[in-house]
Amino acid sequence: MRILRSVREALARVRGLFGGDRPEADDDLREEMQAHLEMATNENIRRGMHPDAARRTALLASGGMTVAAEAVRAQRGLPWVESVLADIKYAFRTLRHSPAFTAVVVVTLALGIGANTAIFSVVRGVLLKPLPHRDGDRLVYLRHSIDGPGGASIAFSVPEVRDFRDGAKSLAGIAEFSSWSATLQSDDGASRLGVGLVTGNYFEVMGLTPVLGRLTRPSDDGPGVSPVVVLTHDYWMKRFAGDPAIVGKQLKLDGKSVTVIGVVQPAPFFPGRVNALLNMVNSEHHLSAMMVQGRSHRMTEIVARLAPGATLEQARTEIAAVSSRVQKEFSESYDPGSHHRIAVIPFHDVLGERAKMTLWLLMGAAAFVMIISAANVVNLTLMRGVRREHELVVRAALGAGVARLRRLLLVENLILTFIGGVFGVVIAIGGVRLLMSLAERYSPRANEIRLDGVVLGFALALSVALAMLLSFLATLPKEGSFASWISAGARRISGSLRKQRLQRSLVVAQIAVSVVLLAGAGLLTRTMIQLSNVSTGLKTEEVLTMEITLLTPAQLLAGRDAEAKERYDRMKRDVAALPGVIDVGLGSIMPLRSSSVRFEVKAEGKSVPVGEPMPRAEIRTVDPDYFRAAGISLVKGRPFAATDERGAGKVVIINQTFASKFFPNEDPVGKRIAWTGDVLRFTPFSGEWRTIVGVSANTQDGGLDAKPQLAVFMPFAQEVAISGGLVIRADSNVAGLTTAATRIVRRVAPAALIENVMTVSQIKDLSVAPRRLNAQLISLFSSLAVIIAAVGIAGVLAFSVSTRTNEIGIRMSLGAGRGQVQRMILREGSVLLVTGLVLGVVGAFFGARFIQGMLFDVAPRDPITLIGVAVMMAAIGLVACWIPALRAARIDPAITMRSA
Amino acid sequence: MAEKQDVKQGTLALMILKTLEVLGPLHGYGVARRIEETSKNRLSLNYGTLYPALLKLEQEGFISAEWKQSENNRRAKFYSLTPAGRKQLAREAREWHQTADLIAAFLAPRTEAP
């Protein structure tokens, strides 16, 4: 009933607002009130009053016809809508009248809101969004780690997976995922597919559903089933343009025909992005005895679902118990010095773990930019507010209440922040594209980044919050006190001192925050400089590398290795004949690239102290020309020779790290080493003793920022060519050889997969690309901050000068020189500047630990950086102070005194 | 001159409805006169209070208005109670009595032992 009544009233009011009969209604009202007045007058006359007095008394009792008409009108329509519309119109007009103010505020806000919206959309997509999997918060990832390099995540073997299936009741389902890569042959050539080999229960455990066809199920497990493939949503869209008829088609993967059974919903995969998911039968290896029974043959990642009611803690306890029991039982597979351990991590967290630090750092930097730009806008509006006080007093005199004035300010600020917000979103759209490439390097969830409703809501919330802040910071006098201001003939109502104190604190804060940001940018830039000074270990950059896959591992092991080697040799000969080519080498792994193939290694007559992990070294096979072509110098011994062929004595070359680890004070040449460990039985590499013939210089294979690891080179001819590539050195412009070299490879092996055709300078570049982007973003943010802060300090001083014009005029007429006035203003600015600098340096000092993990060869409290940053900020700040100081010195006392 | 009170919006609506129930269709002047007389001139009702209240009641559908000739042959707008207004009056009167009783009981000198 009550609702109905309000609805009826509201409808009537809306009719009143838009109805065209308003003049008519006004006439009606006037006539009605006129009648009332007449009746009252007549009544008064009837009671014996003189007609004049009767009318006057009636009029007095009416309380004023105009006021009444206004009150009725307010009841008739929706007065607040009408006045808000009027406010909006008015606000637009005033903003148009101060284009400089509007432009500065809009640009400042757009930068702040844009930076924050862009970074927030990435943070949300990569870190915050709940997983698309059904009950994604119940998924856990198991990580198996050991001590030593490369031991952070060594995966599980199938027997280990079985242990957990049998022993961990707190896990409802355990899915296996094995990263693999397959070559897809199609009409337009070969391409590499990142795939995951998964068990039939994988999708059920993960809680994923198909968008097309079906997903694998337990009946797809084991030998003797037909090989099937499930495409990821991204790959299906990109490669097959979302073809709905894809289900049932055959793909040629690693030379075999595989049936596409479905497309899975968009979802992140771990440990990396994949294009497709295959059942295990696709890889003979994964069904082989060595895989299924080899306890140390670890190629499987585990994702599991917590059983209903089970907690993460229970799962951790249980897994730890199972693991320690198994380690005792099968001690030959668990080197005690390596400290095997298993972490149970929520799947959501493991997906974001690499991106977390970078993203929160960027979010922090963006928030700082927001603080600075908000401070600037607050300052600008405060100054403008003072100039507008006269206008506000007049409006108050004409009957506007405080609430009304406050609303006018709010409308105006909302318009400003909205325009800023819209431009900010435009900036964010561009920024997100840039950030995507950063996020892709850190997170498998990068494709979930988008500017959706939530992100736009974030931008909107920022805008509204800012508008509120701006409107309520402006001081308006208390209701009812206007009259005294007006009667006092006041043109100004501000408590100027209090407001100026606020402005000054804001400027100090701006400078301090800018210094912190600058320090971050400085540290990251210095990191980049340090990195660029790191020697790669290669003598030249005029080297082109190309990775060429001829056969699948299974084909190679099946005896086609010699055929592959013969083809590699042919490519090498033909490329060497190209004009400009100096040397061509062959190798399994290209220089400056790290190898994932690492085995435990021992040296004759040396034993590893108890409690230390078994040392593990990278395996690299190279031909006699490899070192010369790559420009890697041999510090001792000889390179491989043509005589180190199949059947000849096994020889190796070790790198310097290896030499200093095993042979710290002796000459390693002539000593013998061997591969060792349980896992060796599953590989084509034998554990026999091999004689060291040379020691090579270290190269930065793990990236410029990584410590060189142990590496062992074996002759290309003596081992199976599990992978291969050409190292081409030219006298100049080696990149120009790309086309010719690729053509030769194509001619020799038309179906070969050619990948990563890059010069070593490109490889080097690539290894620091994420760091560089990071440094660039932080530098961009800090330069924004500095510019905005400089505008801030200049603005506040200029304002201070304009309020002190009279004072300055008096000082000058009393004999103060221009230089003195200028110094006075500069001093005023310097106080702010120095306070901000001190606070900023202190902040940078204590904030340094947040950035520590991103630095290379630079101390987080690097004094040179901190001093440099402070000097730079001081210089920019002084320039910003100079402008208003000059203006102050140019004040003409005669003019200011007269106008006062 | 006795101190006159401004009338509160909610109570004014109730007074207007009651007046129209007792006196039948009536113009604004009549309503104002009646309310002032009933309150023994303790209430003063200026146009700015009366007419918005009348309009609000009209918008809510509790009263309706039409132009008619008044006693002294002048055109005036006459307000009359609608069925919905009659119900509303009954309900509000009841609520007022209850509230009044409650408050009276509260303010009555307490007789029971502490």
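Residues numbered from 1 in each chain as written. Chains lettered and ligands numbered in written order. Predicted model: local features only at pLDDT ≥ 70, side-chain atom pairs only at ≥ 80, totals over all residues.

### Points about the overall build of chain A
The cut-off we apply is this: Under the DSSP-based scheme used, a helix requires at least four consecutive residues in state H or I and a strand at least two consecutive residues in state E, with every element numbered from the N terminus. Values of the radius of gyration come from C-alpha atoms, whereas the globule rule sets the reference at 2.2 Å times the count of residues to the power 0.38. Here the contact rule is simple: place C-beta atoms from the backbone, and any two residues whose C-beta atoms are within 7 Å are in contact.
Looking only at helices and strands, chain A has 27 helices and 21 strands in total. In summary, chain A has a C-alpha radius of gyration of 38 Å against a globular reference of 29 Å for 900 residues, an excess of more than 25%. Seen through its principal axes, chain A has C-alpha atoms that stretch 140 × 80 × 55 Å. The long-range share in chain A, meaning contacts at least 24 apart out of those at least 6 apart in sequence, stands at 82%.

### As for the overall build of chain B
Here is the rule we go by: With C-beta atoms placed from the backbone, a residue is buried if 20 or more other C-beta atoms are within 10 Å of its own, exposed if 12 or fewer are, and partly exposed between those counts.
If you tally the helices and strands in chain B, you get 4 helices and 3 strands. Scanning chain B from its N terminus toward the C terminus, one meets helices and strands in the order α-β-α-α-β-β-α. Out of the 114 residues in chain B, the part that is buried amounts to 32%. Looking at chain B alone, contacts between residues at least 24 apart form 53% of all its contacts between residues at least 6 apart.

### A short note on the interface of chain B and chain A
So the rule is basically this: Each residue receives one of three labels: charged for Asp, Glu, Lys and Arg, nonpolar for Ala, Val, Leu, Ile, Met, Phe, Trp, Tyr, Cys and Pro, and polar for the others, Gly being one of them.
Contact residues are listed per partner, giving 17 residues for chain B and 24 residues for chain A. Every element with two or more residues in the side of chain B that touches chain A is listed here: helix 2 (28-38), helix 3 (47-60) and strand 3 (75-81) of chain B. No other element matches helix 3 of chain B, which puts 8 residues into the side of chain B that touches chain A. Across the side of chain B that touches chain A, the residue classes tally to 6 nonpolar, 6 polar and 5 charged.

### Considering the domain arrangement of chain A
Stated precisely, the cut-off is as follows: Each domain's extent is set by a domain assignment, obtained either automatically or from a database.
Looking at the assigned domains, one finds that chain A contains domain 1 (2-77), domain 2 (147-339), domain 3 (356-532 + 767-899) and domain 4 (551-742). Relative placement of domain 3 of chain A and domain 4 of chain A: their C-alpha centres are 57 Å apart.

### Concerning the nonpolar core
All names here are of chain A. Applied cut-off: For our purposes the nonpolar core covers buried Ala, Val, Leu, Ile, Met, Phe, Trp, Tyr and Cys residues that link as a set through C-beta atoms within 7 Å.
Counting residues in each nonpolar core, the largest one holds 109 residues, and the members touching the most others are Val122, Val369, Ile511, Val515, Phe781, Ala785 and Ile793. If we skip the residues at most four places from it in the chain, Ala785 touches Phe368, Val369, Ile372, Val513, Ser514 and Leu517. Counting residues in each nonpolar core, the second largest holds 65 residues, with Leu544, Met546, Leu550 and Val734 among its members.

### Here's the deal with the packing of helix 4 (residues 65-76) of chain A against helix 3 of chain B
Basically, it comes down to this: For helices, the fitted axis covers only the stretch in contact; all axes are lines through C-alpha atoms, and the angles between them, taken along N-to-C directions, range from 0 to 180 degrees. Every angle not falling under 35 degrees, over 145, or within 65 to 115 is termed oblique; those three ranges are roughly parallel, roughly antiparallel and roughly perpendicular. The handedness criterion is simple: a crossing whose near helix is rotated anticlockwise from the far helix by less than a right angle is left-handed, and one whose near helix is rotated clockwise is right-handed.
One way to put it is that helix 4 of chain A packs onto helix 3 of chain B with a least axis distance of 8 Å and a crossing angle of 20°. Overall, the two elements helix 4 of chain A and helix 3 of chain B adopt an arrangement that is roughly parallel. Along this stretch, helix 4 of chain A crosses helix 3 of chain B, giving a crossing that reads as right-handed. The segment helix 4 of chain A lies against helix 3 of chain B, with A:Met65, A:Val67, A:Ala68, A:Ala71, A:Val72, A:Gln75 and A:Arg76 engaging B:Tyr47, B:Gly48, B:Tyr51, B:Pro52, B:Leu55 and B:Lys56.

### As for helix 3 (residues 51-62) of chain A
We count it as follows: Multiplying 1.5 Å by the residue count of a helix minus one yields the expected span of that helix.
The end-to-end C-alpha distance of helix 3 of chain A, which contains 12 residues, comes to 17 Å, matching closely the 16 Å that a straight helix rising 1.5 Å per residue would cover. Where helix 3 of chain A terminates, the next one or two residues include A:Gly63, which has phi positive at roughly 80°.

### Points about the sheet that holds strand 1 (residues 26-27) of chain B
All names here are of chain B. Convention followed: Should DSSP find at least two bridges between two strands, the strands are regarded as paired.
Judged by pairing direction, the sheet is antiparallel, and its 3 strands sit side by side in the order 1-3-2 without closing on themselves. Of all the strands in the sheet, just strand 1 and strand 2 (63-69) have a single pairing partner and so form its edges. Bridge count for strand 1 against strand 3 is 2 bridges, and the pairing is antiparallel. Across the sheet, His27 pairs through a bridge with Phe78, a residue of strand 3.

### Considerations on the pairing of strand 2 (residues 171-186) of chain A
Successive side chains on a regular strand alternate, one facing one side of the sheet and the next facing the other. Residue and element names in this part refer to chain A. Pairing of strand 2 with strand 9 (residues 301-306), which is carried by 6 bridges, proceeds in the antiparallel orientation. Bridge pairing links Ile174 to Ala304 in strand 9. The turn linking strand 2 back onto strand 3 (residues 189-198) is made up of 2 residues. Relative to strand 6 (residues 250-253), strand 2 is paired through 2 bridges, and the arrangement is antiparallel. Among the inter-strand pairings, Gln185 is bridged to a residue of strand 6, identified as Lys252.

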